[in-house]
Amino acid sequence: MPTKRIGIIGGTGLTRLEGPQITQVHDVNTVLGTPSSSVQQGTWNGCEVLFMARHGHPHALPPHKVNYRANLLALQELGADAIIAVNAVGGIHADMDAGAIVIPHQLVDLTWGRESTYFDGSYKPLEHIDFTDPFDADIRQHLLGAAAKLQLPVSDFGVVAVTQGPRLETTAEIDYLERIGCDVVGMTSMPEAVLARELGIPYASVCLVVNPAAGRSDAVITMEDIQRVLDAGMGQVRDLIEAALPAV
Ligand code: HPA
């Protein structure tokens, strides 16, 4: 069987991926624009991987300015058979404190004004795709299996609220998100997840909680504190993906 090619989209705190043996760097231009970064192709734990930095390298693109359509199209053009996304999020659920890793199973999309479909009549004819389960069940299970093998505590559920940003939320907004069932809050899972679905690429996410969401701690949320959690936690996210790759 030919080797699968796994796309990895790095988020805040993961603009370069240590581990893969890089064999090629692709600067792709798509019919829908230029992706956030060049794509590094390499081999990692016996698998072929394609790594892209969602916010560019260096990290400069805010969540609402990312050309998600170009990013996903570039990964498809380079032959991605599956995608693992990494997302930094705020924790709402009491058990999802800074440093926790969550493999989300659902999302609520609160973004606006983003180019969020390929089915806009120009690129592809209109279709209403099923999005009942936004994250691929098999990839989720492979990630959870790898976590168990590594004895790495991760949450096997999580509803991600996807907000527009780039500002963080108010306490009342987080209270509202909690009431409607959200466990973590981020800014980038949408439209990424739906675009992958529209292209038929199985997609799942590894969320690293980098701060308690607004009003969930007495401390002011600072970039310095977030950076500290990213520095401490991204190694575990990397190890998790590395261990899951052969099964994906
Ligand atoms: N809210 C939204 N997005 C985020 C947060 C947050 O608290 N932390 C990291 N990304």
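You'll find the structure just up there.
Remember, predicted model here, so these are calculated numbers, not experimental data. (Residues numbered from 1 in each chain as written. Predicted model: local features only at pLDDT ≥ 70, side-chain atom pairs only at ≥ 80, totals over all residues. Heavy atoms only, no water.)

Q: Describe the pairing of strand S3 (residues 39–44), and please don't skip the residues or the numbers.
A: Burial of S3 is extensive: five of the six residues sit out of reach of the surface. Sheet topology note: the strand S2 (residues 21–26)/S3 ladder contains five bridges and is antiparallel. Across the sheet, residue His26 finds its bridge partner in S3, namely Val39. With five bridges joining them, S3 and strand S4 (residues 47–53) adopt antiparallel strand pairing. (Buried < 20%, exposed > 50% of the residue type's maximum accessible area, 1.4 Å probe, protein only. Helix = DSSP H or I, 4+ residues; strand = E, 2+ residues; numbered from the N terminus. Pairing = 2+ DSSP bridges.)

Q: I'd love a proper account of the side chain of Thr188, names of residues and values included.
A: Inspection of the secondary structure assignment puts Thr188 in the loop between strand S9 (184–186) and helix H4 (189–199). Exposure remark for Thr188: the relative accessible area of 6% places this residue in the buried category. Beyond its immediate sequence surroundings of up to four residues, Thr188 is in contact with Arg54, His55, Pro63, Tyr68, Asn87, Arg114 and Val162. (Contact = heavy atoms within 4.5 Å.)

Q: Run through helix H2 (residues 137–150), naming residues and quoting values.
A: Three or four residues apart is the spacing at which side chains of an α-helix point the same way, because the helix has 3.6 residues per turn. End to end, H2 covers 20 Å across 14 residues, agreeing with the expected 20 Å (1.5 Å per residue, within 8%). Packed against the buried residues of H2 are strand S5 (82–91), strand S10 (203–212) and helix H5 (223–244). One side-chain oxygen at the N-terminal end of H2 lies 3.2 Å from the backbone nitrogen of Asp138; it belongs to Asp136. Immediately downstream of H2, the backbone of Gln151 shows phi near 55°, a positive value. (Expected span 1.5 Å × (residues − 1). Polar contact = N/O pair within 3.5 Å; in protein donor to acceptor, adjacent residues only side chain to side chain.)

Q: Residues and numbers for the nonpolar core, please.
A: Across soluble globular proteins, nonpolar side chains show a tendency to be buried alongside one another. Of all hydrophobic cores here, the largest spans 35 residues; its most connected members are Leu72, Leu75, Ile83, Val160, Val184, Tyr203 and Val209. When contributions to this core are tallied by element, the ones reaching two or more residues are S4, helix H1 (68–77), S5, strand S8 (159–162), H4 and S10. Sorting elements by how many residues they give to this core places H4 first, with six residues. Excluding residues that lie within four positions of it along the chain, Tyr203 makes contacts with Ile83, Ala85, Pro134, Phe135, Asp136, Ile139, Ser189, Glu192, Ala193 and Ala196. By size, the runner-up hydrophobic cluster in this structure holds 34 residues, among which are Ile103, Val206, Met234 and Val237. (Core = buried A, V, L, I, M, F, W, Y, C linked by side-chain atoms within 4.5 Å.)

Q: Explain the site of the ligand to me, using residue names and the numbers behind them.
A: Taken together, Ala88, Val89, Gly90, Leu168, Glu169, Val185, Gly186, Met187, Val210 and Asn211 make up the full set of residues near the ligand. Ala88 has a polar backbone atom sitting 3.3 Å from a nitrogen atom of the ligand. Between a nitrogen atom of the ligand and a main-chain N or O atom of Val185, the distance comes to 3.4 Å. In the complex, 92% of the free accessible area of the ligand, which totals 260 Å², lies under the protein chains. (Near = heavy atom within 4 Å. Areas by Shrake-Rupley, 256 points an atom, 1.4 Å probe, with all protein chains shown as cover.)

Q: Account for unusual backbone geometry, naming residues and giving values.
A: Here the amide bond leading from Gly165 into Pro166 is cis, since omega sits at -5°, within 30 degrees of zero. Positionally, Pro166 belongs in the loop between S8 and helix H3 (171–179). For the bond running from Met190 to Pro191, omega is 10°, close enough to zero to count as cis. Checked against the element boundaries, Pro191 lands in helix H4. Although it is not a glycine, Asn45 sits at a positive phi angle of roughly 50°. Phi at Gln151 takes a positive value of approximately 55°, unusual for a residue other than glycine. Exposure remark for Gln151: the relative accessible area of 72% places this residue in the exposed category.

Q: Lay out the packing of H2 against H5 with the relevant residues and their values.
A: Relative to each other, H2 and H5 sit at 110°, their axes nearing to 8 Å. As far as their axial angle goes, H5 and H2 are roughly perpendicular. Where H2 crosses over H5, the two elements pack in a sense that is right-handed. In contact with His142, Leu143, Ala146, Ala147 and Leu150 of H2, H5 contributes Asp239, Leu240, Ala243 and Ala244. (Axes fitted to C-alpha atoms, helices over the stretch in contact; angles between N-to-C directions. Parallel < 35°, antiparallel > 145°, perpendicular 65-115°, else oblique. Left-handed = near helix turned anticlockwise from the far one by under 90°.)

Q: Any details on the packing of aromatic side chains? Residues and values, ideally.
A: One pass over the full model with this rule turns up two aromatic pairs. Judged by centre distance (5.5 Å) and plane angle (45°), the ring pair of Tyr118 and Tyr123 falls under tilted. Looking at Tyr118, the relative accessible area reads 0%, which means it is buried. Classification of Tyr123 by relative accessible area gives partly exposed; the value is 30%. (Phe/Tyr/Trp six-rings, centres within 6.5 Å; stacked < 30°, edge-to-face > 60°.)

Q: I'd love a proper account of the environment of Gln21, names of residues and values included.
A: Within the secondary structure layout, Gln21 lies in strand S2. Along the sequence, Gln21 and Gly56 sit 35 residues apart, while their C-alpha atoms lie 20 Å from each other. Among residues more than four places away in sequence, those in contact with Gln21 are Gln41, Gly42 and Thr43.

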